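# An overview of the molecular structure
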Amino acid sequence: MNISHTIVIRRPLKDVAAYLTDIANDSVWQEDVLKSAVTSQTPLGQGTSGYEIRSVLGFPMHTEWIVTSYEPEKRLRFASTSSAVPYEGTMEFEPVEGATRLTYAFSTTPEGLAGLLDPLMEFFFGFRFRANLENLKTILEKS
């Protein structure tokens, strides 16, 4: 399953990147994130670790993740280290005429029953993914 969405947010890149890389904000802009936190004691960068509890089809799913690469205000890559469905993701930030173009990509390879339902899951999660990004845009453009 590969999901990618690009959105332009009418806020400076510095503001958008700061908001998105603050994990405490995940449950504010992502409707399905119940709780999230950084677990490492180092500043944000390659090797930073954390967890999230996300509601997936009404059930809580605990995932642990790690930042696999980080270029401040340009790109952040992350991957699950412990999850029912292993995943990888990337956030890319680009300045565009007083705004920020954010491209958020997410990929996973569901196994078992989830693998059989991959096309349906991609549709459902793709819809939720885009809705979360629209919510992020609304929040950041109002502040």
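Structure: see above.
Below or above, wherever it landed, is the structure these notes cover. Source: prediction; values computed, not measured.

Parameters at a glance
Residues numbered from 1 in each chain as written. Predicted model: local features only at pLDDT ≥ 70, side-chain atom pairs only at ≥ 80, totals over all residues. Heavy atoms only, no water. Salt bridge = Lys/Arg side-chain N within 4 Å of Asp/Glu carboxyl O. Helix = DSSP H or I, 4+ residues; strand = E, 2+ residues; numbered from the N terminus. Buried < 20%, exposed > 50% of the residue type's maximum accessible area, 1.4 Å probe, protein only. Phe/Tyr/Trp six-rings, centres within 6.5 Å; stacked < 30°, edge-to-face > 60°.

Before going further, it helps to spend a moment on the pattern of salt bridges. A full pass over the atoms with the stated rule returns nine salt bridges. In this structure, Lys 137 and Glu 141 form a salt bridge, with 3.0 Å as the shortest nitrogen-oxygen distance. Placement of both Lys 137 and Glu 141 in helix H4 (residues 118-142) is noted, with a separation of four residues, approximately one turn of the helix. Taking relative accessible area as the criterion, Glu 141 reaches 24% and is therefore assigned partly exposed. A cluster of three or more residues bridged by salt bridges with shared partners is formed by Arg 10, Lys 137 and Glu 141.

Evaluation of the coordinates by the stated rule reveals six aromatic pairs. Both rings, one in Phe 78 and one in Tyr 104, keep their centres 6.2 Å apart while their planes meet at 70°; by these two values the pair is edge-to-face. Linking Phe 78 in strand S5 (residues 75-82) with Tyr 104 in strand S7 (residues 99-108), this pair joins segments that are 26 residues apart in sequence. Per residue, the accessibility class of Phe 78 equals that of Tyr 104, and both read buried. Consider the rings of Phe 106 and Phe 129, whose centres lie 6.5 Å apart with planes at 45°: the pair is tilted. Residue Phe 106 is found in strand S7, and its partner Phe 129 is found in helix H4; the two are separated by 23 residues along the sequence. Take Phe 106: its relative accessible area is 22%, and that puts it in the partly exposed class. Classification of Phe 129 by relative accessible area gives buried; the value is 13%. An aromatic cluster is present here, built from Trp 29, Phe 78, Tyr 87, Tyr 104, Phe 106 and Phe 129 joined pairwise through their rings.

Keep in mind these values describe shape, not function.
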